[in-house]
Amino acid sequence: MKWANKNTPALTKKMSKELKMSKSVIKKMLNRRTFKISAMNSEAIKEEQDISNQFYAYKWIKTKVVIKNHIANLK
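Residues numbered from 1 in each chain as written. Predicted model: local features only at pLDDT ≥ 70, side-chain atom pairs only at ≥ 80, totals over all residues. Heavy atoms only, no water.

Asks: Just to check I follow, could you spell out the environment of T34 for this structure?
Replies: Within the secondary structure, T34 is located in the loop between α3 (23-31) and α4 (42-57). A relative accessible area of 55% means that T34 is categorised as exposed. Along the chain, T34 and S52 lie 18 residues apart, while their C-alpha atoms are 18 Å from each other. (Helix = DSSP H or I, 4+ residues; strand = E, 2+ residues; numbered from the N terminus. Buried < 20%, exposed > 50% of the residue type's maximum accessible area, 1.4 Å probe, protein only.)

Pasting the structure below:
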C-alpha cells in the first residue's frame with residue numbers, strides 16, 4: 001500500500017493494462033483515494049457497492065455483487 005501511494009504513475013500503467021481501461025480514468029480514480037487497511041464501516045461498504053454497481057453497469061463484471069454479503073463481522 002505504501003508503494004501504491006508513492007508510485008501512482010507506475011500503478012496507473014499497471015492497472016490500465018490489467019483492467020483494459022484508459023490511463024486517464026485510472027489516474028482519476030487513484031487520485032481520489034489513499035491505499036490503507038481499515039475496518040469496514042457503512043461508508044466504506046457503500047463506496048465499494050457503488051464501485052461494484054458501476055462495474056456491473058458497464059458490463060465489466062457479469063454478476064451483480066452485494067458487497068455486504070462478503071463482509072465478515074469480526075466483533
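Following the structure, the description resumes.
Asks: For this particular structure, what's the right way to read the environment of I37?
Replies: Its location among the elements puts I37 in the loop between α3 and α4. Among the residues examined, I37 registers a relative accessible area of 73% and is labelled exposed. Sequence separation between I37 and Y56 is 19 residues, and the spatial gap between their C-alpha atoms is 25 Å.

Asks: Would you mind showing me how to read unusual backbone geometry here?
Replies: Excluding glycine, most residues fall at negative phi; most peptide bonds, likewise, are trans. Not every positive phi belongs to a glycine, and K20 is a case in point at roughly 55 degrees. Assignment of secondary structure puts K20 in the loop between α2 (8-19) and α3. Look at K59: it is not a glycine, yet its phi comes out positive at around 65 degrees. One can find K59 in the segment after α4. Look at K59 and you get exposed, because its relative accessible area is 70%.

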